[in-house]
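So you can see what is in the structure, the chains are spelled out below.
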Amino acid sequence: MQVTMTVNGEKVTRDVEPRLLLVHFVRDVLGLTGTHWGCDTSNCGTCVLWMDGEPVKSCTVLTPMAGGREIRTVEDLERDGELDPIQQGFINEHGLQCGFCTPAMMITCRDLLDHNPDPSNDEIREAISGQICRCTGYENIVRATRWAADHPATEEVTA
Amino acid sequence: MTAVEEAPADPVGFGRMHRKEDARFVRGQGNYVDDIVLPGMLHGAILRSSYAHARINGIDTSAAEAHPKVKAVITGKTLEGLGLAWAPSLSHDVIAILATDKVRFQGQEVAFVVAEDRYSARDALELIEVDYEPLPVLVDARKALDAGATVIRDDIEGKSDNHIFDWESGNKEETDAVFAKADVVVTQDMLYPRVHPAPMETCGQIADMNKVTGKLTIYCTSQAPHAHRTIYALVAGLPEHQIRVISPDIGGGFGNKVGIYPGYVLTVVGSIVTGKPVKWTEDRSENLMSTSFARDYHMHGEIAATSDGRILALRTKTLADHGAFNNTAQPTKYPAGFFHIFTGSYDLEAAHCEVTGVYTNKAPGGVAYACSFRVTEAAYLVERLVDCLAGELKIDPAELRLKNFIKPEQFPYTCKTGWEYDSGDYPRAMRLAMDMAGYEDLRKEQAEKRERGELMGIGISFFTETVGAGPRKHMDILGLGMADGAELRVHPTGKAVVRISVQTHGQGHETTFAQIVAEELGLPVADIDVVHGDTDNTPFGLGTYGSRSTPVSGAAVAIATRRVRDKAKLIAATMLEVSPDDLEWEKGKWFVKGDPSTAKTIQEIALAAHGPMELPEGVEGHLDGSCVYDPPNLTYPFGAYICVVDVDSQTGHVQVRRFIAVDDCGPRINPMIVEGQVHGGLADGVGMALMQVIAFDEDGNCLGGSFMDYLLPTSIECPSWELGETVTPSPHHPLGVKGVGESATVGSPAAVVNAVLDAIGVRHADMPLTPAHVWRAMQGNPLRTDLAIE
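Numbering of residues begins from 1 in every chain and follows the order in which that chain's sequence is written. Whichever chain is written first is A, and whichever ligand is written first is 1; the rest continue in order. The model is predicted, so local features are restricted to residues of pLDDT at least 70 and side-chain atom pairs to those at 80 or more, both for listing and for counting; the totals for chains, interfaces and linings are taken over all residues.

J.: Go over the overall build of chain A, please, and point to the residues and values.
T.: Strands here are runs of E lasting at least two residues and helices are runs of H or I lasting at least four, both read from the DSSP assignment and numbered beginning at the N terminus. When helices and strands are tallied, chain A shows five helices and five strands. Each helix and strand of chain A, ordered N terminal to C terminal, gives the series β-β-α-β-β-β-α-α-α-α. Radius of gyration: C-alpha atoms only; globule rule: 2.2 Å multiplied by the number of residues to the exponent 0.38. The C-alpha atoms of chain A give 15 Å as radius of gyration, which agrees with the globular expectation for 159 residues (15 Å, within 12%). Exposed residues have 12 or fewer other C-beta atoms within 10 Å of their own C-beta, buried residues have 20 or more, and partly exposed residues fall in between, where C-beta atoms are placed from the backbone. Relative to its full complement of 159 residues, chain A shows a buried share of 59%. Contact between two residues is assigned whenever their backbone-derived C-beta positions fall within 7 Å. Counting contacts in chain A only where the partners sit at least 6 residues apart, residues at least 24 apart contribute 61% of the total.

Shown next as structure tokens:
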């Protein structure tokens, strides 16, 4: 079946099987491999992306369900060569190690800051509690999000 | 955070600095195996056994083969024809690539389908009919050696039981004699249950056999690409120079990605059969049910002491459940890994360790999950026993440890099972942790709370690891010595490339190893490229696991760089028309003693080394150096951990309130990266102590086969870690560094368990201490956590 949606600001139309998971559509059909696939049960959260402005686990969305909607992925965080503060925060505070959970973590943390620009550490932990990181023990993800909260506009790009 | 606390942008050498690799990861531009797409690539999927133990009477693949998008269906029969149905394991055994005679654990590989896309390959699995004849199932290691137990490995000629090995270390007679004279002997059985490393990226591989050139290119989630290549050459008879193994970005390993799994071999077979590249990416259930588990040690521990708390001796008899095939990845001589470092951090008169390995109808493995070759089990055993003794003697567990530590002046210290501990200052680390925790105040608070009926616990774990395997005369894997190579080349314009045999899967090698070169040569880190994870472009070495990258390859890089520096000295002397003896090194330049302005920078020397200048006799052109490092000894990082928990007396729920971790891994090349590694390991400890277990029911069904059932710690279960450090350099490592990747995973579980048991006043209950289990333990009826059998 034919599906049309907006992905990172561009309209895309593709023929897909109705059962195709959105995570596989984004990765395998569109080649946007920053969104990852880590489990089959909606527990790990490495597949989080924005759908109509809400972070969703794209392994539990069928591609046709995204028809007519706006999808935004990690590849769209950097704008005009400037990192989003959450990206800079993850670099500065060592919020990532293997990098596999990182794109989805950043999306959730960015979304938190969009709704709550000055979150407490507990609020940050609550926000990311539906996603798993095996490397960082979460502490530096919390710090990275706080860094982004304290630096709402990117001051310098050191990456 | 203030700007002052942020990492400086670019130290020349050691120090906090942001990671070079992060630029791609924060942009979603990491390049993991499943991200790679090759022209014409096909997709593989594995049919796995639903039974834990069953005879295969037949496999009908005709319907699958008729699927319009299926290109090949491979079974054990296909592989038998190629001589590949069975392959040597990493531990003097064989593993089945695809089952031929029978299946021996739930999730075992039975057939492989290659199709045009990943969904079609999965569809075709449903079309394969396997005629299984169920057999009696053995999941309880404690019954594996019973008379009449079902024999799992009847493929081994003459095998009539489930015994794999008996192994011992230390002196039994001496130890028994010390136990006989001891005032106090405390005995405790404990299980370190089966857990799984569960990196966020599952395992996968693309194999691309080019029939014209004969070159096989493999993209694999491998922590050890060189070892994989050599094993393919040895086992499959493929010419080694025609195999290229690439480990691109890897989404975490923790030991899960050391070995060669049947799925990897099947992509190679699939590519040979179809003539196309074949990708296989396992799903999470496949990862948890079939790839290397860890632990599964049933430990009977005994500790002997005087009545005033002088620890005299330790002994253990341990039953090791290795699953259906003995496929642990560890140095050949050590079937129980380095478990015999259960002597811990204490000055003992004697110690003896016996381990018996058995087969069960469970997935194979045993050494994985940041365990430093079973040091995890060893540290847990001794640190639980010391707490049991403290309880028996009514001595504070911190005081008991301080009383029995190996003293700083006793190093190098040879323990009673033969390890030579290189350096340590245990009391200093312990006291720092106690100061950070406010130990005495915590004990007062605990006493007050107890009076109010509130349950609060304080748990201590003091660990010593043995890492950086290892000296090649003692340590090999499948005959390959555990030495690692490094090659440094300085380009004419003074930029450099360093090629290393180890591989990063989150550890930050691209930054850390550049910092080593920077420290030794004075080049900016930004000017140094680190190449790794590609057998065509890096020197040979055994890979990243067992906290060995910096202890082994870090030393290789340091020595290779020093060789470049020495060569640069000779060239600088010619440039300055002085004797080399007149030169002195300052980071980045050779200068004339007493005249620092007369100098040549390493960049100037690099250009001269490539230029027309006549070089001194015996000095070849260009500026490069290499080293193969054979460690003279292992390194012995250590740490003092204190965990504070609150337990809900009504529900048994445990909340980790604080976790104080003092680590001593020698000098820290990049403290930011070291702290990150410790954070991750501490989360592992909380997870294993409280949540994670791969258990089985009596039919051999895996009860931890998804993240719905195998619970990993989230941000809610983890506290904000409190870290401290002491620095005791290794005397034999060129940089003094000891390795840290696994320290926290090794040391932390005992601290959490000791804290929970301290809170509820119970001598012992096995991990994981879930609310239900804590509740049961409080009622005096702890569970057997590895089996869903009452």
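There's more to say after this.
J.: Explain the overall build of chain B to me, using residue names and the numbers behind them.
T.: When helices and strands are tallied, chain B shows 18 helices and 34 strands. In terms of overall dimensions, chain B is globule-like: its C-alpha atoms have a radius of gyration of 27 Å, near the 28 Å expected for 790 residues. C-alpha atoms of chain B, sized along the principal axes, occupy 85 × 75 × 55 Å. The buried share among the 790 residues of chain B stands at 59%. A sequence separation of at least 24 residues applies to 78% of the contacts in chain B between residues at least 6 apart.

J.: Tell me about the interface of chain A and chain B, residues and numbers included.
T.: One frequent convention defines the size of an interface as the accessible area lost when the parts assemble. Contacts between the two partners involve 46 residues from chain A, matched on the other side by 45 residues from chain B. Secondary-structure elements contributing two or more residues to the side of chain A that touches chain B are α2 (85–92), α3 (102–115) and α5 (139–150) of chain A. The element contributing the most residues to the side of chain A that touches chain B is α5 of chain A, with six residues.

J.: So what's going on with the packing of helix α9 (residues 375–393) of chain B against helix α17 (residues 743–760) of chain B? Which residues, and what values?
T.: Residue and element names in this part refer to chain B. Fitted lines through C-alpha atoms give the axes, limited to the stretch in contact for helices. The angle between two N-to-C directions lies from 0 to 180 degrees. The N-to-C vectors of α9 and α17 enclose an angle of 30 degrees; their axes lie 8 Å apart at closest approach. Considered as vectors, α9 and α17 are oriented roughly parallel to each other. For the pair α9 and α17, the sense of crossing is right-handed. Between α9 and α17, the residues in contact are Val375, Thr376, Ala379, Tyr380, Glu383, Arg384 and Asp387 and Thr745, Val746, Gly747, Pro749, Ala750, Val753 and Asn754, respectively. Each residue gets one label: Ala, Val, Leu, Ile, Met, Phe, Trp, Tyr, Cys and Pro are nonpolar, Asp, Glu, Lys and Arg are charged, and the others, such as Gly, are polar. Residue composition of the contact of α9 with α17, grouped by class: seven nonpolar, four polar and three charged. The cut-offs work like this: below 35 degrees is roughly parallel, past 145 is roughly antiparallel, 65 to 115 is roughly perpendicular, and the gaps in between are oblique. For any helix crossing, the convention is left-handed if the near helix is rotated counterclockwise from the far helix by under a right angle, and right-handed if that rotation is clockwise.

J.: Which residues make up α5 of chain A, and what are the values?
T.: Here α5 of chain A spans 17 Å end to end across twelve residues, near enough to the 16 Å set by a 1.5 Å rise per residue. For α5 of chain A, the complete set of buried residues consists of Glu139, Asn140, Ile141, Val142, Arg143, Ala144, Thr145, Arg146, Trp147, Ala148 and Ala149 of chain A. The inward-facing, buried residues of α5 of chain A abut α2, α3 and α4 (121–127) of chain A together with α16 (671–690) of chain B. To estimate the expected span of a helix, subtract one from its residue number and multiply by 1.5 Å.

J.: For helix α15 (residues 602–609) of chain B, give the residues involved together with the corresponding values.
T.: Residues and elements named next belong to chain B. All of the buried residues along α15 are Ile602, Ile605, Ala606, Ala608 and Ala609. Taken around the axis of α15, the buried residues stretch over an arc of 165 degrees, which confines them to a single face. Contacts made by the buried residues of α15 are with β25 (484–490), α13 (509–521), α14 (549–576), β29 (589–592), β30 (595–601) and β31 (623–629). Directions from the helix axis toward the C-beta atoms define the arc.

J.: Give a description of the sheet that holds strand β12 (residues 216–220) of chain B that names residues and reports values.
T.: Residue and element names in this part refer to chain B. Between any two strands, at least two bridges found by DSSP are needed for them to pair. Strand order in the open sheet made by the seven strands is β3-β7-β1-β14-β11-β12-β13, with mixed pairing throughout. Each edge of the open sheet carries a strand with a single partner, namely β3 (70–75) and β13 (243–246). In this sheet, adjacent strand axes meet at a mean angle of 20 degrees when their direction is disregarded. Across four bridges, β12 lies against β13 in parallel orientation. Within β13, the residue paired with threonine 217 across the bridge is arginine 244. Across the face of the sheet, helix α6 (residues 225–236) comes into contact with β12 and β13 while running at roughly 150 degrees to β13. Contacts between helix α7 (residues 262–274) and the sheet are confined to β1 (42–48), β3, β7 (109–115), β11 (204–209), β12 and β14 (278–281), with β11 contributing the most and set at about 25 degrees to the helix.

J.: Could you give an account of the packing of α14 of chain B against α15 of chain B, naming the residues involved and the relevant values?
T.: Residue and element names in this part refer to chain B. The N-to-C vectors of α14 and α15 enclose an angle of 85 degrees; their axes lie 10 Å apart at closest approach. On the basis of the axis angle, α14 is roughly perpendicular to α15. Side by side, α14 and α15 meet where Ala568, Ile571, Ala572 and Met575 of the first sit next to Ile602, Ile605, Ala608 and Ala609 of the second. The class makeup of the residues in the contact of α14 with α15 is eight nonpolar, no polar and no charged.

J.: Could you give an account of the domain arrangement of chain A, naming the residues involved and the relevant values?
T.: Residues and elements named next belong to chain A. For every domain, the bounds stem from an assignment made automatically or drawn from a database. Split into domains, chain A comes out as domain 1 (2–76) and domain 2 (85–152). The distance between the C-alpha centroids of domain 1 and domain 2 comes to 21 Å. Across the contact, 14 residues belong to domain 1 and eleven residues belong to domain 2. Counting residues per element, the side of domain 1 that touches domain 2 draws most heavily on strand β3 (residues 48–51), which supplies three residues. For the side of domain 1 that touches domain 2, a count of residues per class yields seven nonpolar, seven polar and no charged.

J.: Account for the environment of alanine 144 of chain A, with residues named and values stated.
T.: All names here are of chain A. With respect to the helices, strands and loops of the structure, alanine 144 is situated in helix α5. According to the C-beta neighbour criterion, alanine 144 is buried, with 30 such atoms within 10 Å. With 81 residues separating them along the chain, alanine 144 and threonine 63 place their C-alpha atoms 32 Å apart. Setting aside chain neighbours within four positions, we find alanine 144 in contact with Gly89, Phe90, Glu93 and Gly95.

J.: Give a description of the environment of alanine 689 of chain B that names residues and reports values.
T.: All names here are of chain B. Counting through the fold element by element, alanine 689 comes out in helix α16. Overall, the presence of 27 C-beta atoms within 10 Å leaves alanine 689 in the buried class. Considered as a pair, alanine 689 and threonine 770 are 81 residues apart in the sequence and their alpha carbons are 8.5 Å apart. Once residues lying within four places of it in the same chain are set aside, the contact partners of alanine 689 are Pro749, Val752, Val753, Met767, Pro768 and Leu769.

J.: Describe the nonpolar core, naming the residues involved and giving the relevant values.
T.: As used throughout, a nonpolar core is a set of buried Ala, Val, Leu, Ile, Met, Phe, Trp, Tyr and Cys residues joined through C-beta atoms within 7 Å of each other. Counting residues in each nonpolar core, the largest one holds 303 residues, and the members touching the most others are Val113, Val517 and Val756 of chain B. Sort the elements by how many residues they give to this core and α14 of chain B lands first, with twelve residues. Residue contributions to this core reach at least three from each of two domains, namely domain 1 (2–76) and domain 2 (85–152) of chain A.

J.: So, the pairing of β11 of chain B: which residues are in play, and what are the values?
T.: Residues and elements named next belong to chain B. In terms of residue burial, β11 counts as a mostly covered element, since six of its six residues are buried. Burial along β11 is two-sided: the residues Gly204, Ile206 and Asp208 and Gln205, Ala207 and Met209 are all buried. Inspection of the sheet shows β11 paired to β14 by four bridges, in the antiparallel sense. The residue bridging alanine 207 from the neighbouring strand is valine 278, located in β14. The pairing of β11 with β12 spans five bridges and is antiparallel. Looking at β12, one finds that isoleucine 206 is bridged to tyrosine 219.

J.: Kindly report on unusual backbone geometry, identifying the contributing residues and their values.
T.: As a rule of thumb, non-glycine residues mostly have phi less than zero, and peptide bonds are mostly trans rather than cis. The omega angle of the peptide bond from phenylalanine 411 of chain B to proline 412 of chain B is -5 degrees, so this bond is cis rather than trans. Here proline 412 of chain B lies in the loop between α10 (397–404) and β20 (413–414). In this structure, the amide linkage connecting methionine 767 of chain B to the following residue, proline 768 of chain B, adopts the cis form with an omega of -5 degrees. A positive phi is found at aspartate 80 of chain A, a non-glycine position, where the angle reads about 50 degrees. Residue position: aspartate 80 of chain A is located in the loop between β5 (70–72) and α2. On the basis of neighbour counts, which here come to 4 C-beta atoms within 10 Å, the residue aspartate 80 of chain A falls in the exposed class. Non-glycine residue glutamate 577 of chain B carries a positive phi angle of around 55 degrees. With respect to the helices and strands, the residue glutamate 577 of chain B is situated in the loop between α14 and β28 (583–586). Residue glutamate 577 of chain B is classed as exposed on the basis of its C-beta count, with 6 C-beta atoms lying within 10 Å.

J.: An account of the sheet that holds β28 of chain B is needed here, citing residue identities and associated values.
T.: Residue and element names in this part refer to chain B. Read from one edge to the other, the open sheet built from three strands follows the order β28-β29-β30, with strand pairing classed as antiparallel. The open sheet is flanked by β28 and β30, the only strands paired with a single partner. Across the sheet, the axes of successive neighbouring strands diverge by a mean angle of 35 degrees, strand direction being ignored. Pairing geometry for β29 and β30, over four bridges, is antiparallel. What sits directly across from lysine 589, in β30, is threonine 601. Along the sheet, α15 makes contact with β29 and β30, crossing β30 at roughly 45 degrees.

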